[in-house]
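Close look at the chain arrangement
Each chain is listed here by its residues.
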Amino acid sequence: MISEGDEITFHIVKTENDGNFSDVFTLTLDCSDEIEGKYPLKILPETTSHLYGLYYYSVTLRFADGDNYTVVPFTKLHAMLPFNCIGYHEHKNDIVGVVPRVMAKNDYIPFTDELAEFIGDFQSENRLIGVKRIPDTDILLVRDVESGISAEELVQNIRNTAENYGIKVFYVSGFFYDTPDSYHTVMETAFGKYFIDVQKILKTPVFENTSDKIISGIAFDKLHLTPSVTDILSIQNGEYPDCILLDETHFNDKGLQLVAQTILQEVNAIELQSQ
């Protein structure tokens, strides 16, 4: 869904004999036009009754910050499936586009819901390692360490799993709850920047600019919440916010979303640095 200040434009043009295009119809929608996650548009008969010849339509999204993104490029108007349009509807009357960027106030990150669901399932299972494959990214999740396996053995298990799946480049995450520092050290040494320590990130305190006073934590900042005095004490003690926990060893839905977002944000940051 789009945010306040964003606009969706549906545009129809006609192909002229000289090869140029002339404007025929433009309809602009904003966040107030959203109905159950969709942005319905209606073209009245008066607009289409006189149309004759070759026409194209396009759909663009203009973000509040001025950036523009083409959701659907110029596509023939008559009974044609829009190319480069993800998830088009088989009845040809629904245009579904996925926009690959954070959308203003929504903090939208592609595949967050998919990864959050996977993490939720994984934290309820007994597998030591779980593999989640999303476009252009492979993520291996590791359960909090059980007794009887060394950090070095775990690293080898992770590499063996990646090899079995035919994965050459992958990210490792997990250890969402209290795990001995020795395991983290070995993981960081083995996988470097490709080890995403979610627990370390979310439990990082935020200090006042001019002093060493803790005023928040990364988890609270990501949730856009202002911590209470009690919350500040939990940050000092290296604890998660209660609002993201189902119990001592499981995240609730809000927590799963936060963890998924954190992993994908770190992946995106690493990919940008590698370009």
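None of the values given here were measured: they were computed from a predicted structure.

Brief notes about the packing of aromatic side chains
This structure, assessed with the given rule, holds nine aromatic pairs. Aromatic side chains Phe170 and Phe191 sit 5.8 Å apart centroid to centroid with 65° between the ring planes, which places their arrangement in the edge-to-face category. Within this pair, whereas Phe170 is found in the loop between α3 (151–164) and β7 (171–174), its partner Phe191 is found in helix α4 (residues 181–191), the two being separated by 21 residues in sequence. A residue is classified by how much of its surface remains accessible, and Phe170, at 12% relative accessible area, is buried. Judged by its relative accessible area of 10%, Phe191 is buried. For the pair Phe175 and Phe195, a centre-to-centre distance of 6.2 Å together with 70° between the ring planes defines the contact as edge-to-face. Remark: Phe195 occurs in strand β8 (residues 195–196) and Phe175 occurs in the loop between β7 and α4; sequence separation between them is 20 residues. Each member of the pair, Phe175 as well as Phe195, is classed as buried. One aromatic cluster is present, formed by Phe176, Tyr177, Tyr240 and Phe251 through successive ring pairs.

Digging into the sheet that holds strand β6 (residues 137–142)
Taken in spatial order, the four strands of this open sheet run β5-β6-β7-β8, and their pairing is mixed. The outermost strands of the open sheet, each flanked by one partner alone, are β5 (129–134) and β8. Sheet analysis places β6 next to β7, joined by four bridges and oriented parallel. What sits directly across from Leu140, in β7, is Val172.

Quick notes on the nonpolar core
Core analysis: the biggest nonpolar cluster contains 28 residues, and Leu115, Ile119, Leu141, Phe176, Phe251, Val259 and Ile263 have the highest contact counts within it. When residues of this core are traced back to their parent elements, those giving at least two are α2 (112–122), β6, α5 (198–202), α6 (218–223) and α8 (253–274). Setting aside chain neighbours within four positions, we find Phe251 in contact with Gln123, Phe176, Tyr177, Tyr240, Ile244, Leu245, Leu246, Leu256 and Val259. In terms of nonpolar packing, the next biggest core, distinct from the first, is built from 18 residues, Val155, Ile158, Tyr183 and Met187 among them.

Definitions and limits used
- Residues numbered from 1 in each chain as written.
- Predicted model: local features only at pLDDT ≥ 70, side-chain atom pairs only at ≥ 80, totals over all residues.
- Heavy atoms only, no water.
- Phe/Tyr/Trp six-rings, centres within 6.5 Å; stacked < 30°, edge-to-face > 60°.
- Helix = DSSP H or I, 4+ residues; strand = E, 2+ residues; numbered from the N terminus.
- Buried < 20%, exposed > 50% of the residue type's maximum accessible area, 1.4 Å probe, protein only.
- Pairing = 2+ DSSP bridges.
- Core = buried A, V, L, I, M, F, W, Y, C linked by side-chain atoms within 4.5 Å.
- Contact = heavy atoms within 4.5 Å.

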